[in-house]
Amino acid sequence: MSERTVGRNGPIALVFHALVTAFILAPLVIVILVSFSDKRYISLPFDGVTLHWYREILNASDLLNGFWLSIRLGLAAATIATAITIPAALAIARYRFVGRDSLAAFLMSPLMIPHVVLGIAFLRFFSIVGWTGSLGALMLVHAIIISPFSLRMILSSVIGLERDAEHAARSLGASRWMAFRRILLPLILPGVMAGWVLAFIQSFDDVTMTIFVATPGTTTLPVALYNRVAFLSDPVTTSVSTVMIAGTIVLMFVLDRIVGLDKVLVGKA
Amino acid sequence: MSDAANGQVRGAPLLLSLPAILLFAGLLAVPLALTLMLSFHVFDGMRGIQPTLTLKHYLEVFTDGYYYELFLRTAWMSLCVTAICVVIGVPETLIISRMRPAWRGTFFVVILGPLLVSVVVRTLGWEILFGRKGPINDVLVSLHLVDGPFRLMFSMTGIIIVLVHVLLPFMIIAMWGAVQKLDKQVAHAARSLGASSEKVFFRITLPQLMPGLLSGAIVVFTLSASAFATPAIIGGRRVKVVTTAIYDEFLNSMNWPMGAAIAVLLLIGIVCVVVGSNRLVERRFKQVFS
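Residues numbered from 1 in each chain as written. Chains lettered and ligands numbered in written order. Predicted model: local features only at pLDDT ≥ 70, side-chain atom pairs only at ≥ 80, totals over all residues.

Draft legend 1. View of the overall build of chain A. The helix and strand tally for chain A stands at 12 helices and zero strands. When the elements of chain A are put in sequence order from the N terminus, they spell out α-α-α-α-α-α-α-α-α-α-α-α. Projecting the C-alpha coordinates of chain A onto the three principal axes gives extents of approximately 75 × 65 × 30 Å. Here chain A holds 269 residues, and 47% of them are scored as buried. Long-range contacts, defined as pairs at least 24 residues apart, comprise 74% of the intrachain contacts of chain A with a sequence gap of at least 6. (Helix = DSSP H or I, 4+ residues; strand = E, 2+ residues; numbered from the N terminus. Buried ≥ 20, exposed ≤ 12 C-beta atoms within 10 Å, placed from the backbone. Contact = placed C-beta atoms within 7 Å.)

Next comes the structure, spelled out in C-alpha cells:
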C-alpha cells in the first residue's frame, strides 16, 4: 500500500487495479475478438471480420442440442430447488429445533463436496438403479447441487423480516397457507426470484459434475463445449462462448433489477 | 406460518424441510455412501467390480509414487493459487472499497461478474492467450524476454494462472465483508500519531482483515483442489492432478474402485482442511478479541 493518506487510492494502487482488471477481462475479451475472425483456425491477429462462426453454430448439432437440453435442465432444476428450499428456509429461519444447524449444514453441503466426487457418486448410483441417461434423474441431481444458492438467497430475505403483517392476517382469521401466499411470499419474492436465477445459472454452467453422468442423449452445452475445447479447437467454440457471455450479461441485468447484483454476488443481505 | 404468538405447531420444521431432506438423503447421502463402499471393492481388469472387499486401493495411494505425487502436486498447486489470490485479492479489495460509489459498483460487477460465466469459456480464453503464437508469447518474444515460444499450455504454471483468474473473485467476496467492517478511525489515529503507512497497513489494517482473509483462503484452497475443467484443459495429458486422475480412473481405465478411493481421500482431505483451519481461526481470534 503506497497511500500517503488513509482511504485514498494513490497512483500505484490505480496501476495495480488496472492490471487486475485487465487480467480478469483478458480471456473474455480475447474469446469475443477471435469469434469474429475470418481464419479457419483459432489465431490472433486476424485480417478480416466475419459472422461466419455464428452461422456455423447452426450446423453444430452437438452444441445446439446441448443448448436446448441445458435450458430445459436449468429451468426444471432451478424450479425444483426453489420449491424445496422455500419451506426449508422458513424452517431454518423461523424455528429453533434440535438439529437445526445440522440441517442447514446438510443442505449447504453440496458447496463443500468437490463436484468430481459428486459426479462419480451420481454415476455409480445411476448405474446401480438403472437411471443412466435419464433426463429426470439429471434434473434431480442438478436441483441438489444448486439448492445451496437458492437457499442462501431465500434465507437472507426471510431473516430480519417484520412479522406484524402476518400476525395481523392470522389474527383476522387468515389460514396459515393464506398468510403465506398473500403476505409472506410477496415479501420474499425478490429473494426467491434472485435465488432461482442464480440457481439456473449454476445449473446451466455446471460441467464438472455433469460430465460424469452425461450420456450421448444428455450432453449439456458446457459438456459439449468442453469436449470440443479439450479435443479439437475450431472457432465455433469462441462464437458459442460469446453467445454464452452475452446471455450471462443479460441475466446479470435481470438479477440487478430484482435484488441488486452486489447482494447476489456477495451473497449477504 | 406458525410462531410463538400463534402457538408452535409441533413438527412444523420437520414437515417444512421434509422434501429437501428426502431429496438430499436419497440422492446425495446414499450415492456418497455407495461411493465409499465402492472404494473397498476388489477390481478385476477382466471381470470388473468384484463383491469381495479390500483395502488395496488405499494402500496403493499411500505407497505408489504416482498417486502419492498426485496428491502432493495438487496440494502444492492449491497452495500457490491461494497465496497468489491473497496477494492480489487483499489490496484489490481495499482499492475497490476506497473508490467512489459509482466506480465501486462498476468494478464490483467487472471483477465478480466473470464468476457467472462458464469455467469452460474462461479457460478457452486462456487457452487462446497461451497458444504458441498467442498474444502472451508475442509480447514475451518481442520484448526479448524469452527466445523461443514459452510454453504455458500443458504446464503447472499455466494451470495456476488460470485458477487464480477463476478463483480470485471468491477471495474478493470473502474480503469484502471484512473490509466493510474496517474501523477507519484507528488507522487515522495511527497515522496522525506518526506511524508510516506500511506500519499502519501491517499493524492496524491487516489484523482487522484476517478473518476475511482466512475464510477466503480456505474457499480458494478447497476450490483449487476440487477444480476439474481448468486442469483438464490446460494440463491435458501431461500435468495430472487429483480430479483429472479420478476422471481417468472412471472413464478411461474403468477402475471405478480405485477412482472412488482417490475421491474419498480428496473429500477427507478437503473436510480436514476446512474443519482444521476453522478451529485454528476460532482459537486465534478468541485470544485476540477476548
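Draft legend 2. Main features of unusual backbone geometry. All names here are of chain B. A positive phi is found at Phe154, a non-glycine position, where the angle reads about 55°. Mapped onto the secondary structure, Phe154 falls in the loop between α6 (135-142) and α7 (156-180). Positive phi, normally seen in glycine, also occurs at Met254, with a value near 60°. Its 14 C-beta neighbours within 10 Å are what place Met254 among the partly exposed residues.

Draft legend 3. Inspection of helix α9 (residues 197-226) of chain B at higher detail. The terminal C-alpha atoms of α9(B) lie 38 Å apart, and with 30 residues this falls more than 12% below the ideal 44 Å at 1.5 Å per residue. At Met210(B), α9(B) shows its strongest bend, of approximately 50°, with the proline Pro211(B) following within four residues. (Expected span 1.5 Å × (residues − 1). Bend = angle between axes of the 7 residues up to and from the residue.)

Draft legend 4. The interface of chain B and chain A, seen in detail. With 80 residues of chain B at the contact, the number on the chain A side is 83 residues. Considering every element that reaches the side of chain B that touches chain A, the biggest residue donor is helix α1 (residues 12-38) of chain B, with 16 residues. Among the residues forming the side of chain B that touches chain A, the class breakdown is 57 nonpolar, 15 polar and eight charged. (Nonpolar A, V, L, I, M, F, W, Y, C, P; charged D, E, K, R; others polar.)

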